[in-house]
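Analysis of the macromolecular model
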Amino acid sequence: MASSKTTRRNFLITSVIAAGGAVSNGACQQSQTTTTAQVQNDSSSILSEPATSSSTPSAPVEIPQQVLGRTEVNIPILGLGGAGRTPLSRAGEEQEAITIIERALNLGIRYFDTASSYGPSEERLGKVLPSHRANLFLASKTGHRDRDGAWQDLEQSLQRLQTDYLDLWQFHALTYDWDLNTLLDQQQGAIKAAEEARQQGIIRFIGITGHYNPAIIAEGLRRYPFDTALIPVNAADKHTASPFITEVLPTAQQHNTGLIAMKVPAYGRLIETEAVDGMRQAMGYALSQSGVHCCIIAAETVQQLEHNVTVAQTFQPLTSEEMTAIEQRTAADWQNFSFFREWA
């Protein structure tokens, strides 16, 4: 692995150009003053005309925004996830994926989350996003805990995404003590790769993710100033033996960490079983948690994406009574809604 800043930076830029995608170093605009769920008027700047993927063109939807913790970046409360059981990550569904991505841009989505391990997800995003790059918040992940392996993942992600920088690079699925200890080793740990990449302008922010062990995520936030944490936040979480809501959110707020919710509808199970009244309550519950700044939700179809955006557009924080009622309805079947907690 080359250790020279100039050599690595030139390698990345040359690789992206060779793949047809060097783009500008713009990013989501920073904001000094934003209140919770404040609707901004600049979402429509992402596309100047409707995407051709939808048969019914419509005006861009204004999605409420919040400042993502210490990043000071103003970000829509809904982003598009690149994993899950969706066309973005499934083989043989490239055109369906491209249609969803184009429609997301048209609807005002500008936060896109993916990972090096999400099958063809990065490559499919890379076919659509480069011409809109300056207006996007683009996040990917690595599962490596060592410096060299993490660097290799980052270089591959940039080439696939057709970009020369990421807004957010995350260490994927922290689960055990050794994950954190190895990652944070200042000589050979993956954190060294992240710090080198940030110094070179290849990444802007550093985050961690996890869906199994909230204690490891909270400890990570105490041991290192991660900019963001991506964790499960849904209506069944409080019934688990170790809730992310109570174990991670207070620590994240203490450190002003940008908190991103995932597994919001529990892969649709909360909605399919009618434990919640549709995506309005599923998303509303997660976004109403103190300290949660936004959520990412994957989409199986364009219609599902459009519905999710409509819910985000009309989001209003739920009352404490509504939150309690939802928790009561999820209590009996909480294991079914938390099955992903066993993916260790």
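Heads up: the structure comes first, above all this text.
Conventions we followed
- Residues numbered from 1 in each chain as written.
- Predicted model: local features only at pLDDT ≥ 70, side-chain atom pairs only at ≥ 80, totals over all residues.
- Heavy atoms only, no water.
- Helix = DSSP H or I, 4+ residues; strand = E, 2+ residues; numbered from the N terminus.
- Buried < 20%, exposed > 50% of the residue type's maximum accessible area, 1.4 Å probe, protein only.
- Areas by Shrake-Rupley, 256 points an atom, 1.4 Å probe, with all protein chains shown as cover.
- Pairing = 2+ DSSP bridges.
- Axes fitted to C-alpha atoms, helices over the stretch in contact; angles between N-to-C directions.
- Contact = heavy atoms within 4.5 Å.
- Core = buried A, V, L, I, M, F, W, Y, C linked by side-chain atoms within 4.5 Å.
- Phe/Tyr/Trp six-rings, centres within 6.5 Å; stacked < 30°, edge-to-face > 60°.
- Disulfide = S-S within 2.5 Å.
- Polar contact = N/O pair within 3.5 Å; in protein donor to acceptor, adjacent residues only side chain to side chain.
- Expected span 1.5 Å × (residues − 1).

The next thing to look at is the overall build of the protein. A tally of regular secondary structure across the protein gives 14 helices and eleven strands. In the protein, which comprises 344 residues, the share counted as buried stands at 58%. When the accessible surface of the protein is totalled, it reaches about 13600 Å², and 47% of it is carbon and sulfur.

A few words on the sheet that holds strand β5 (residues 111–113). Reading around the barrel, the eight strands line up as β4-β5-β6-β7-β8-β9-β10-β11 and close back on themselves, with parallel pairing between neighbours. Recorded for the sheet is a direction-independent mean angle of 30° between the axes of neighbouring strands. Pairing geometry for strand β4 (residues 78–81) and strand β11 (residues 294–297), over three bridges, is parallel. Directly across from Leu80, in β11, lies its bridge partner Ile297. Lying over the sheet, helix α11 (residues 278–287) contacts β4, β10 (258–262) and β11, oriented at roughly 140° with respect to β11.

Moving on, we get to the nonpolar core. By size, the foremost hydrophobic cluster in this structure holds 84 residues, and its most contacted members are Leu80, Phe112, Leu154, Phe171, Ile203, Phe226 and Met283. Once you skip the residues sitting within four places of it in the chain, Phe226 turns out to touch Arg70, Phe171, Leu183, Leu184, Ile191, Ile206, Gly207, Ile208, Gly220, Leu221 and Thr257.

This paragraph deals with the packing of aromatic side chains. Evaluation of the coordinates by the stated rule reveals five aromatic pairs. Relative to Phe205, the ring of Phe137 has its centre 6.5 Å away and its plane inclined at 20°; by these criteria the two rings are stacked. With Phe137 in strand β6 (residues 137–142) and Phe205 in strand β8 (residues 203–209), the pair connects residues that are 68 residues apart, well separated along the chain. Like Phe205, Phe137 is buried. When the ring of Tyr224 is compared with that of Phe226, the centres are 4.7 Å apart and the planes differ by 55°; the resulting orientation is tilted. Given the relative accessible area of 0%, Phe226 is considered buried.

The next subject is the pairing of β10. The buried fraction of β10 is high, at five of five residues. Here β10 shows two buried faces, one formed by Gly258, Ile260 and Met262 and the other by Leu259 and Ala261. Alignment of strand β9 (residues 228–232) against β10, held across five bridges, turns out to be parallel. The residue bridging Pro232 from the neighbouring strand is Met262, located in β10. Note that β10 and β11 share two bridges and pair parallel. Residue pairing in the sheet places Ile260 in a bridge with Cys294 of β11.

This part covers the state of the cysteines. Tallied over the full model, the rule gives zero disulfides. Free cysteine Cys295: the closest other cysteine sulfur is in Cys294, separated by 6.9 Å. In this structure Cys295 comes out as buried when scored by relative accessible area, which is 0%.

The next thing to look at is the side chain of Arg110. With respect to the element layout, Arg110 can be found in the loop between α2 (94–106) and β5. The exposure class of Arg110 is buried, given its relative accessible area of 5%. A polar side-chain atom of Arg110 sits 3.4 Å from the main-chain carbonyl oxygen of Asn74.

Right, let's talk about the environment of Pro250 for a bit. Tracing the chain through its elements places Pro250 in helix α9 (residues 249–254). By relative accessible area, Pro250 is classed as partly exposed at 43%. Along the backbone, Pro250 and Ala218 are 32 residues apart, and their C-alpha atoms lie at a distance of 8.9 Å.

A few words now on helix α4 (residues 147–161). Across its 15 residues, α4 extends 21 Å between first and last C-alpha, which sits within 8% of the 21 Å expected from 1.5 Å per residue. Arg147, Gly149, Ala150, Trp151, Asp153, Leu154, Glu155, Ser157, Leu158 and Leu161 are the residues of α4 that are buried. One or two steps after α4, the chain reaches Gln162, where phi turns positive at roughly 60°.

This part is about unusual backbone geometry. Most peptide bonds are trans, and most residues other than glycine sit at a negative phi. Despite not being glycine, Ala266 has its phi angle at roughly 55°, a positive value. Mapped onto the elements, Ala266 comes out in the loop between β10 and α10 (269–272). Residue class for Ala266 comes out buried when judged on its relative accessible area of 0%. Non-glycine residue Glu274 carries a positive phi angle of around 60°. Following the sequence through the fold, Glu274 ends up in the loop between α10 and α11.

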